[in-house]
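# What the coordinates show
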Amino acid sequence: MDITGRKLFVKALQEEGVDTIFGYPGGTVTDLFDELYKQDGIEVVLPRHEQGLIHEAEGYAKSTGKVGVCLVTSGPGATNIMTGLADAHYDNIPLVCFTGQVPLSLIGNDAFQEVDIVGMTRSITKYGVTVRRREDLGRIIKMAFHIASTGKPGPVLIDIPKDIQTATGPAEYPSSVQIRGYKPNDTVHVGQLKKAYKMLRGAKRPLILAGGGINIARANDKLLQFVEKTQIPVVTTIMGKGAIPTGHSLYIGNTGMHGKYAANMAVSKCDVLFSIGTRFNDRITGDLNEFAPKAKIIHIDVDTASISRNVVVDVPVVSDANLALEKLLEWAESKDTEKWQAQIAEWEKENPLEMRRDHGMTPQMIFEHVNRTFGDAIYVTDVGQHQMWATQYLELDSWHQLITSGGLGTMGFGLPAAIGAKIGNPEREVVCFSGDGGLQMNIQEMATAVVQGTPVIICLFNNYYLGMVRQMQQLFYGKRYEATCLRRRKTCPKNCKGPNAACPPYTPDFIALAKSYGAHGIRVEREEDIQAALDEARTYKDAPTIIEFMISTDEIVLPMVKGGNAMSEMILK
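From a predicted model like this one, the values you see are computed outputs, not experimental measurements.

## Description of the sheet that holds strand β18 (residues 457-462)
In spatial order, the strands read β16-β15-β17-β18-β20-β19; together these six strands make up an open sheet with parallel pairing. Only two strands of the sheet have a single partner each, and these edge strands are β16 (400-403) and β19 (520-524). Taking the axes of each pair of neighbouring strands and ignoring which way they run, one obtains an average angle of 20° across the sheet. Bridging between strand β17 (residues 429-435) and β18 involves five bridges; their strand directions are parallel. The residue bridging V431 from the neighbouring strand is I457, located in β18.

What follows is the structure, given as structure tokens:
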């Protein structure tokens, strides 16, 4: 018996095991929402803005390992998810995003709320298509979930015209799909892998660089076994943080623009760099001519296109991280790396990652209290200075997970992604770290958090500035703080060099704002009050809590490498 497209849409979601959909209604998707209303198995989460919606789906997907599902209307509803699509594309987050579209007969006629969303998003999705025949709907949805979740995960966009939703057609939803030209790699070239391992075994100063691919593949346990068998030190990218426990004796720290001194020096001085699951973007490499200049480079990645795109490597291996590590564990033998480890320890002693403790509350102090407080938590960051401090000072192990926006660096990501993570993991504590700039970009999602009953703890680092840009202005632009002070008003002098007694009050009052949403608010100005604030926030189970930490404007993220410089050229003080 034939059924309508809207009925097949819901049936498809049920067949795919979808339990949550993040949706915002509108004219061209009202039929789909009406059909969702008639069932009980799929929860529809109504955010307050489509950008918040897609970041919530990202947080849900990243924290659960499931595909995040979005549903928005045509026109502005569709264009509002573009930032999130780009974010998911760069960070390899599996999403299936459904957009409504005007009827087929009106496409191309500049109809009300018509945009070519497939064309607009072609470069930031794994696959995008407008459904033009009702009989193709089931197959296309099946393709979408398959493509989003296999190979290197990513976002897929399916544009469904309004008349396709109401047209009748086959009721069958396929159990599998064959896609011509799409064959994700599910093997490992044993010969290449043997060559790579032989090179690693012969190294005197070997180093493993673990990227976000380890966390995406959930290959953490295998990497840890390999590291412990071989006794090879490890550095991570920001997205790779947590690939092995941060307290492990062989873990050095993050490398890159704000990486640890010892980690960046290890990359600069190693003779074999064994990289797995990283794109080698500019924040990791700096000056390409000076990146790991003494090393032979091995690169394992599931995406052929990522290998030798930025850094020309000596041994390429196309493979999923799990497959490669599984095979490597069969060969792994212990190496004598004591002398190399001792050198790394000297670098660590020479310039430890440490903030001053003699001038009030610092971000490091806040993270130290967080580390002692949360035993089984999902940490989510926004983008900015607080994000870098989080990747420097948070302690991660198998009981903790870090979710952040790495490739695109999207301000406004943190709060909605934390809400999505909490919806997907209601039994776990979710802590969001945000700056005063980033939090305001999607602050309306506080309403979503309240109505969904998601008691996310938001650690807000308020320094009155767009801190990361201000830091660059301080170091490289003669302290010309243009457009970064969030207290600035039209009455302020033009050439202000920083905070002074004449500064106007900050807008908004975050504590009052939290309470206006029905959430909780706590302000902390002294180190001795940090723990009490965290403990109080954990007692609130009905709604989110903002803990506003008032930190110094002068705090900057160090080490820092100026863009384009070699990673060995670190600003340390």
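## Structural notes on the sheet that holds strand β11 (residues 251-254)
Taken together, the six strands give an open sheet; going across it, the order is β11-β10-β9-β12-β13-β14, and neighbouring strands pair in parallel fashion. Of all the strands in the sheet, the pair left with one neighbour each is β11 and β14 (315-318). Strand-to-strand twist across the sheet, computed as the mean angle between neighbouring axes with direction ignored, equals 15°. With respect to the sheet, helix α9 (residues 190-201) is in contact with β9 (206-210), β12 (272-276), β13 (296-301) and β14, its orientation differing from that of β14 by roughly 135°. In the packing of helix α11 (residues 220-230) onto the sheet, contacts are made with β9, β10 (234-236) and β12, and the angle to β9 comes to roughly 170°.

## Some details on the environment of M239
Mapped onto the fold, M239 is located in the loop between β10 and β11. Residues M239 and S405, spaced 166 residues apart in sequence, show a C-alpha to C-alpha distance of 8.3 Å. Apart from the residues lying within four places of it in its own chain, the contact partners of M239 are K62, D91, G211, G212, N215, T404 and G406.

## Description of the packing of α11 against helix α14 (residues 321-331)
α14 packs onto α11 with a crossing angle of 30° between their chain directions and a minimal axis gap of 9 Å. Here α11 and α14 pass one another in a crossing that is left-handed. Each of K222, L223, Q225, F226 and K229 in α11 lies in contact with α14, whose residues at this interface are N322, L325, E326, L328 and L329. When the residues that make up the contact of α11 with α14 are grouped by side-chain class, the tally is five nonpolar, two polar and three charged.

## Topic: the side chain of S306
With respect to the helices, strands and loops of the structure, S306 is situated in the loop between β13 and β14. Judged by relative accessible area, which is 2%, S306 ranks as buried. Among the polar contacts made by the side chain of S306, one reaches the side chain of K152 at a distance of 3.1 Å. Among residues more than four places away in sequence, those in contact with S306 are K152, R279, H299 and D301.

## Quick look at a nonpolar patch on the surface
On the surface, V469, M472 and Y477 cluster together to form a nonpolar patch covering roughly 260 Å² of accessible area. Mapped onto the fold, M472 is located in helix α21 (residues 467-476).

Thresholds, definitions, all that
Residues numbered from 1 in each chain as written. Predicted model: local features only at pLDDT ≥ 70, side-chain atom pairs only at ≥ 80, totals over all residues. Heavy atoms only, no water. Pairing = 2+ DSSP bridges. Helix = DSSP H or I, 4+ residues; strand = E, 2+ residues; numbered from the N terminus. Axes fitted to C-alpha atoms, helices over the stretch in contact; angles between N-to-C directions. Contact = heavy atoms within 4.5 Å. Left-handed = near helix turned anticlockwise from the far one by under 90°. Nonpolar A, V, L, I, M, F, W, Y, C, P; charged D, E, K, R; others polar. Buried < 20%, exposed > 50% of the residue type's maximum accessible area, 1.4 Å probe, protein only. Polar contact = N/O pair within 3.5 Å; in protein donor to acceptor, adjacent residues only side chain to side chain. Patch = residues over 30% accessible without salt bridge, like charges linked within 9 Å, V, L, I, M, F, W, Y side chains within 5 Å. Areas by Shrake-Rupley, 256 points an atom, 1.4 Å probe, with all protein chains shown as cover. Salt bridge = Lys/Arg side-chain N within 4 Å of Asp/Glu carboxyl O.

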